[in-house]
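Structural description and commentary
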Amino acid sequence: MKRPWILSFCIAAACAPAQPSTPPSQPVPKPNMDPGSLDRPGIAVRPDSIAQDTSLRAPGKTPAEADSEPPVAPADAYQRGWMPLRETGVAAFVRAHPRFDGRGVLIAILDSGIDAGVPGLVTTSTGARKILDLRDFSGEGAIALTPVTVQGDAVTVGGRRLTGLGRITAMNAGARVYAGVLRERVLGSAPAADVNGNGTDTDVIPLVVVRARDGWVVFADTDGDGSLDNERPVHDYLVAQETFGWHSGGKRSLLTVAANVAAGDASSPPSLDLFFDTSAHGTHVAGIAAANDMYGVAGFDGVAPGAQLLGCKIANNAFGGISTTGSMLRALDYAIRLAAARQLPLVVNMSFGVGNEAEGTARIDAIIDSVLAVHPEIVFTVSAGNDGPGLSSIGFPGSASRIISVGATIPAVFTPDDASGRGREPVAYFSSRGGELARPDIMTPGIAYSTVPGWDAGGEQKTGTSMASPHAAGLAALLQSSIAAGARRPDAATIRQALMVTARPIDGASYLDQGAGMPDVGRAYRWLQRARPAAVVGVTAPGGRGTASYQIVSRGTAPDTVRTFTLRATRADTFRLRSSVAWLHTPARTITSAAGAGSARVTYDARRMQQPGVYTGVVTGWTRDTLAGPAFRLLNTVVVGYPAGTAVSTHAVLPPASIRRVFFQADSERPFEVRVTSDVEATTAYLHEPNGMPYRDGNGASAGSGEAAALYEIGARDVVAGMYEVVVAAPPASGSNAQIEITHAPVRLRVARERAGIVATVVNTGDSALDARVAVVIAGASRSQVIVARGSEQQRISFTLPAWARGAVVEISMDRAQWPRFTDFGMTVLDSSGAQIAQEPLNYAIGRLQVPLADGHRSIPAALLLNPGFADPDSNEGWTANVSIRLYGDSAVTASSPAGAVPVDLHLAARASGSVTFSLPPLPWTFGDGFVPMGAVVTLVGGRVWTREAAFPPAAPSVMR
């Protein structure tokens, strides 16, 4: 990563002669962040997925999935195998069993929507209608309807005059005509938000709703000629499977729209929700699960082309693909009722997730588990998340107990051949890993060429665990389809067991990385033919929160060596226990009581865990029927990291597609630097914070040699006390030699504004005296406030982006204990016209939004919108968030010292501290809206520069007594 601009200046300031200095003006593309750190192809940020798979995010708002390059024609993509089906045995299975292609099964896609007009999502392999229903639970497409008065043949709606109302009023079985408008600008950015394709996103588009003899219908001026005379009525999608789309200049519609329209009560107008996919995420996911003859290419199918689809929109795409309060539960409930009414087995896919602050405590996990306990026949696949390759990074709801958590591989067709001429299929670097959870369950391909709306042409190939999860849903549909009508259908636990027991482990990956590995649908089918019901055994790890024992210790500190897992079985049984590694010991067997309660005690040989590294082992429990596979798995991991302050310099020889992990302890207020060099520039370095969260200012940097090294410089403001993780990943086709260096500052840095001025304090952390040079620079302005709110009502904070600001950062943080109640939290910055300047969902209880500003911009009135989404429908829970808005100027100003010399020299004895008071200089910027000066204390010690950024609010006045 490049050195942030402020550090570049700070080095110059700290190394300058001891005299006042004025820094040169310089551009600020993205303060405190490498502008190119997220530009690498394939990085899946959120939406996974939606999941960093963005998994929909990330997981699975989820990093967002990145489109790959370059796009190719569908026929060419088919020939290249870019819908990777061979890896999981799908192609061979469907050839052997052509009637077991998902027919008779319903797959519900809980996502950003589905574009029903894309070829491949129209009919199944048997010619049946592909999509049974499209239903919006996000509220994004809600249109407020009011009665309007028809004057002759015309009506005025949203300032637009529409003619051709005579035919409509003639068919109106009710006494009133209702109308509303769709505003493009609130949908986000073009091209997705340009729903009528006329090149702008500022249109206000009128809609008319009347009750015909066969139900409520919608009329839209789809050709923009100002008349409804040539427009057809559109019924609710479930009633007639009708869609429409706006078009301009004779061009085809680039966005397909469905209507959810229903009668209101006696005193209310009807309700209207427009269903569309302005993300492209849900449409892409649907194609992977069940497309048939994509883009008109015969045989270019998803995993289960015979299956039917239900599109349930849970995400508001306009605010970053965020799920809205209660949308997941309402969508799941609807899917269950529709499948029951049609007497179809149901598979549910959710390519969506956010980061787990505390595994095992998420409210949405408990909700999903409770629903699936009542409906054990429903298979529910969820993307594991895109927060890898760091450990303990599985997102929720991919952490729910009764779902199938799906990680991602990079299919061989997308990787260059290695020296042997064979492509590799490694675990994807972005795929979230286990730790506190024994997840993911399985791995499937995480890249695919699939269906997208017309406006996203060129984005057919996407990457993320969002793409892996629907592949697993398709596998489940194939297995459901293979069960003869009227025969016993396996429950979801049995299907998960079939996929896991018959999976193929991926070379070089641990259980933390891959779970059981890559499933093979043919082998799973044969396993199910033996009619072995899965032994349902729940596992709770020591401490009662996660499903795996996960300990982090510093070198020289012994882990807990006795760990007792709690077991919950459906009946009394005896299980033989096996350990996968020599340091993990267990009794020969364990027994559950008649009530199904039991425990399993394992012990560790701490003598085998002396060196820093990751030690992982699995204890499996087996019934007498060993062919049924393990009834449970007890995942044990001990992380041994370097103690705080330890300088690390280690060499890693990395085979192709392999990774090396290094853990180290960090102290609060003490900056540090991570530098990774490699002889192969395609090597990538990642940094994860102590809770598994990817580094907050962007993760994933190419690690070359010299100036091309991956560099993470963590200032004292951002340091979190705890164990960090560095991961170095070699490219799939070649190994590399990497050098990992971790350097901690020999000082702690503190800075505060007091009545006497800005006081910078430097604390020597070592046992020897040291000399330091200290300066304070003012880089811009900051505003902080605490939001105290209740429920999911949008919060709005107005502020100004002044003309002098060259960049801005919005940061939101909340108590980690609050986070498990949410399913999402969006932050969006708008200008005064309502156009989006920037938007980003939170993946964790802390999040940063970079706000780029163009050179020479004028002062911009702006608003920050906060959109919380709770797991529980109609939640009215209270929440609190700290909001910081930081503005960076195009130059910095050096604060002066009492002696007039800057920087100031300090001599610090061992473990001693010293303070310097600086005067706030005149500043070239005008502040407003509660903003205060902001800058950094800069300290040069032994040739290295260390910083701490801070705001400098006026000191509180003294209290007279």
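Coordinates for the structure precede this section.
The structure presented is a predicted model; accordingly, all values stated were derived computationally and were not measured.

Attention shifts here to the overall build of the chain. A count of helices and strands for the chain gives twelve helices and 53 strands. Out of the 961 residues belonging to the chain, those deemed buried represent 61%. Of the roughly 34200 Å² of accessible surface on the chain, 50% is carried by carbon and sulfur atoms. Here the chain contributes 82 positively and 84 negatively charged side chains, and the mean placements of these two sets differ by 6 Å.

This next bit is on the side chain of N349. Its location among the elements puts N349 in strand β17 (residues 346-350). For N349, a relative accessible area of 0% translates into the label buried. Not counting the four nearest positions on each side in its chain, N349 is found in contact with A108, I109, L110, V285, T381, S469, P470 and A473.

Here we take up empty space enclosed by the protein. Volume-wise, the second largest cavity comes out at about 40 Å³. Surrounding the second largest cavity, A535, V536, V537, A569, T570, R571, D573 and F575 form its lining. Its residues placed into classes, the lining of the second largest cavity shows five nonpolar, one polar and two charged.

Take the side chain of S227 next. Its location among the elements puts S227 in the loop between β9 (215-220) and β10 (234-235). Side-chain polar atoms of S227 contact the backbone nitrogen of D229, separated by 3.0 Å. The contacts of S227, once residues within four sequence positions are left out, are T163, G164 and D221.

Attention now goes to the sheet that holds strand β31 (residues 632-641). Within a sheet, each strand pairs with its neighbour through backbone hydrogen bonds, oriented either parallel or antiparallel. Across the sheet, five strands lie side by side as β24-β31-β30-β26-β28; this open sheet has mixed pairing. The open sheet has two edge strands with one neighbour each: β24 (548-554) and β28 (589-592). For this sheet the average axis-to-axis angle between neighbouring strands, irrespective of direction, equals 20°. Two strands pair when backbone bridges link them, and strand β26 (residues 573-579) and β28 are joined in this way by four bridges, in the antiparallel orientation. Note on β28: the bridge partner recorded for D573 is T592.

Right, let's talk about the pairing of strand β2 (residues 131-136) for a bit. Look at any regular strand and the pattern is simple: side chains alternate between the two faces of the sheet. The element β2 is extensively covered by neighbouring structure, given that six of its six residues are classed as buried. Pairing analysis gives five bridges linking β2 to strand β14 (residues 308-313), with the strands arranged parallel. Following the sheet pairing, D133 is matched in β14 by L310.

In this section: the sheet that holds strand β34 (residues 672-678). What the four strands build is an open sheet, ordered β32-β39-β34-β37; its pairing is antiparallel. The open sheet has two edge strands, β32 (648-654) and β37 (710-714), and neither has a second partner. On average, each strand axis in the sheet is tilted by 10° relative to the strand beside it, whichever way the strands run. Bridging between β32 and strand β39 (residues 736-744) involves seven bridges; their strand directions are antiparallel. Across the sheet, residue V653 finds its bridge partner in β39, namely N737.

In an α-helix, one turn spans 3.6 residues; hence positions three or four apart end up facing the same way. Look at helix α7 (residues 327-342): 22 Å from first C-alpha to last across 16 residues, which is about the 22 Å you get at 1.5 Å a residue. A positive phi of about 55° marks Q343, the residue just after α7.

This paragraph deals with the pattern of salt bridges. Counted under the stated rule, the structure contains 38 salt bridges. For R496, the salt bridge identified is with D441, shortest N-O distance 3.9 Å. One end of the pair, R496, is in helix α10 (residues 492-501); the other, D441, is in the loop between β19 (404-409) and β20 (442-445), with 55 residues separating them in the sequence. In this structure, the salt-bridge partner of D905 is R773, at a minimum N-O distance of 3.1 Å. You can see D905 sitting in strand β50 (residues 904-908) and its partner R773 sitting in strand β42 (residues 770-790), a full 132 residues away along the chain.

Two elements in contact, α7 and helix α8 (residues 363-374), have axes whose closest approach is 11 Å; the angle formed by their N-to-C orientations is 15°. With respect to their mutual orientation, α7 and α8 come out roughly parallel. The way α7 lies across α8 gives a crossing that is right-handed. Only I364, I367 and V371 of α8 make contact with α7, whose side of the interface consists of M328, L329, L332 and I336.

Moving on to unusual backbone geometry. In this structure, P397 follows F396 across a cis peptide bond, with omega equal to 10°. Examined against the element boundaries, P397 turns out to sit in the loop between β18 (379-383) and β19. Across the junction of R439 and P440, the peptide omega takes the value 5°, indicating a cis bond. Relative to the assigned elements, P440 resides in the loop between β19 and β20. Phi at A280 is positive, roughly 80°, even though this residue is not glycine. With respect to the secondary-structure elements, A280 resides in the loop between β13 (271-275) and α6 (281-290). One non-glycine residue with positive phi stands out, namely R911, at about 60°. For R911, a relative accessible area of 54% corresponds to the exposed category.

The next point concerns the packing of aromatic side chains. Scanning the entire structure with this criterion turns up 25 aromatic pairs. Between F825 and W879, the aromatic rings sit 5.3 Å apart at their centres with planes inclined by 85°, giving edge-to-face as the arrangement. Of this pair, F825 sits in strand β45 (residues 822-831) while W879 sits in strand β49 (residues 878-894), placing them 54 residues apart in sequence. You can call W879 buried: its relative accessible area is 1%.

Take the packing of helix α9 (residues 465-481) against helix α12 (residues 521-529) next. In a pair of packed helices, the angle between the axes and the distance between the axes together describe the arrangement. Put simply, α9 and α12 touch, their axes get as near as 10 Å, and they point 40° apart. Classified by the interaxial angle, the pair formed by α9 and α12 is oblique. In the crossing of α9 with α12, the sense of the turn from one axis to the other is right-handed. For the pair formed by α9 and α12, the contact residues are L475, L478 and L479 on the first element and V521, A524, Y525 and L528 on the second. By residue class, the composition of the contact of α9 with α12 is seven nonpolar, no polar and no charged.

As for its position among the elements, G141 is in the loop between β2 and β3 (142-143). For G141, a relative accessible area of 0% translates into the label buried. Sequence separation between G141 and D273 is 132 residues; the distance between their C-alpha atoms is 4.9 Å. Every residue in contact with G141, bar those within four places of it in the chain, is listed here: D136, L272, D273, L274 and F276.

This part takes up the pairing of β34. Across the seven residues of β34, five count as buried, placing the element largely inside the fold. Note that β34 and β37 share five bridges and pair antiparallel. Paired with V674 across the two strands is Y712, which belongs to β37. Bridging between β34 and β39 involves seven bridges; their strand directions are antiparallel. The partner of T677 across the bridge, within β39, is Q739.

Conventions and cut-offs
Residues numbered from 1 in each chain as written. Predicted model: local features only at pLDDT ≥ 70, side-chain atom pairs only at ≥ 80, totals over all residues. Heavy atoms only, no water. Helix = DSSP H or I, 4+ residues; strand = E, 2+ residues; numbered from the N terminus. Buried < 20%, exposed > 50% of the residue type's maximum accessible area, 1.4 Å probe, protein only. Areas by Shrake-Rupley, 256 points an atom, 1.4 Å probe, with all protein chains shown as cover. Lys, Arg positive; Asp, Glu negative; His and termini not counted. Charge placed at Lys NZ, Arg CZ, Asp CG, Glu CD. Contact = heavy atoms within 4.5 Å. 1 Å grid on protein atoms, 1.4 Å probe; cavity = no way out; pocket = protein on both sides within 12 Å on 5 of 7 lines; lining within 4 Å. Points joined across faces, edges and corners; volume = space filled by probe spheres on them. Nonpolar A, V, L, I, M, F, W, Y, C, P; charged D, E, K, R; others polar. Polar contact = N/O pair within 3.5 Å; in protein donor to acceptor, adjacent residues only side chain to side chain. Pairing = 2+ DSSP bridges. Axes fitted to C-alpha atoms, helices over the stretch in contact; angles between N-to-C directions. Expected span 1.5 Å × (residues − 1). Salt bridge = Lys/Arg side-chain N within 4 Å of Asp/Glu carboxyl O. Parallel < 35°, antiparallel > 145°, perpendicular 65-115°, else oblique. Left-handed = near helix turned anticlockwise from the far one by under 90°. Phe/Tyr/Trp six-rings, centres within 6.5 Å; stacked < 30°, edge-to-face > 60°.

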